[in-house]
Amino acid sequence: QVQLVESGGGLVQAGDSLRLSCAASGRTFSSYTMGWFRQAPGKEREFVAGITRSGGTTYYADSVKGRFTISRDNAKNTVYLQMNSLKPEDTAVYYCAADDDVVVFTAARRYDYWGPGTQVTVSS
């Protein structure tokens, strides 16, 4: 098993940047592909970005491509989400998730472990 805790959320203005972190503990972090998801009020949880075990391949939702960057530091057991040029529609609770499969899935149901989430609010 792995335990996940997100941090770095907050209230920012449109155009600002934030970096989210997700610290993992438990089983070897490098055994997991990692994903970031978000959920806005009244909406389903949606895929934002994913990264393979080694960090060599990344995937992004079209809505964040070119603005967000996912990365990981396996020595620090941490995955990051750098968010630039934030928009009000990015407002949501952001979750990191871990999956012990080899490939990165965009479906939330494929992920086995989840953090409690961190709130990101972008004002216009």
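The structure contained in this document is the topic of the report that follows. Since the structure is predicted, the reported quantities are computational estimates derived from the model, not experimental observations.

1. Here's the deal with the sheet that holds strand E8 (residues 78-83)
Then, in step 1: Within the open sheet, the four strands sit side by side as E1-E3-E8-E7. Their pairing is antiparallel. Looking at which strands have only one partner, the edges of the open sheet turn out to be strand E1 (2-7) and strand E7 (68-73). For this sheet the average axis-to-axis angle between neighbouring strands, irrespective of direction, equals 15°.
Then, in step 2: Two strands pair when backbone bridges link them, and E1 and strand E3 (residues 18-26) are joined in this way by six bridges, in the antiparallel orientation. Looking across to E3, one finds that Gln-3 is bridged to Ser-25.

2. A few points about the state of the cysteines
Then, in step 1: Tallied over the full model, the rule gives one disulfide.
Then, in step 2: At a sulfur-sulfur separation of 1.9 Å, the disulfide partner of Cys-22 is Cys-96. Linking Cys-22 and Cys-96, the disulfide has an S-S dihedral of approximately 45° and is accordingly described as right-handed. Residue Cys-22 is found in strand E3, and its partner Cys-96 is found in strand E9 (residues 92-99); the two are separated by 74 residues along the sequence. By the burial criterion, Cys-22 is buried, and Cys-96 matches it.

What counts, and where the lines are drawn
- Residues numbered from 1 in each chain as written.
- Predicted model: local features only at pLDDT ≥ 70, side-chain atom pairs only at ≥ 80, totals over all residues.
- Heavy atoms only, no water.
- Pairing = 2+ DSSP bridges.
- Helix = DSSP H or I, 4+ residues; strand = E, 2+ residues; numbered from the N terminus.
- Axes fitted to C-alpha atoms, helices over the stretch in contact; angles between N-to-C directions.
- Disulfide = S-S within 2.5 Å.
- Buried < 20%, exposed > 50% of the residue type's maximum accessible area, 1.4 Å probe, protein only.

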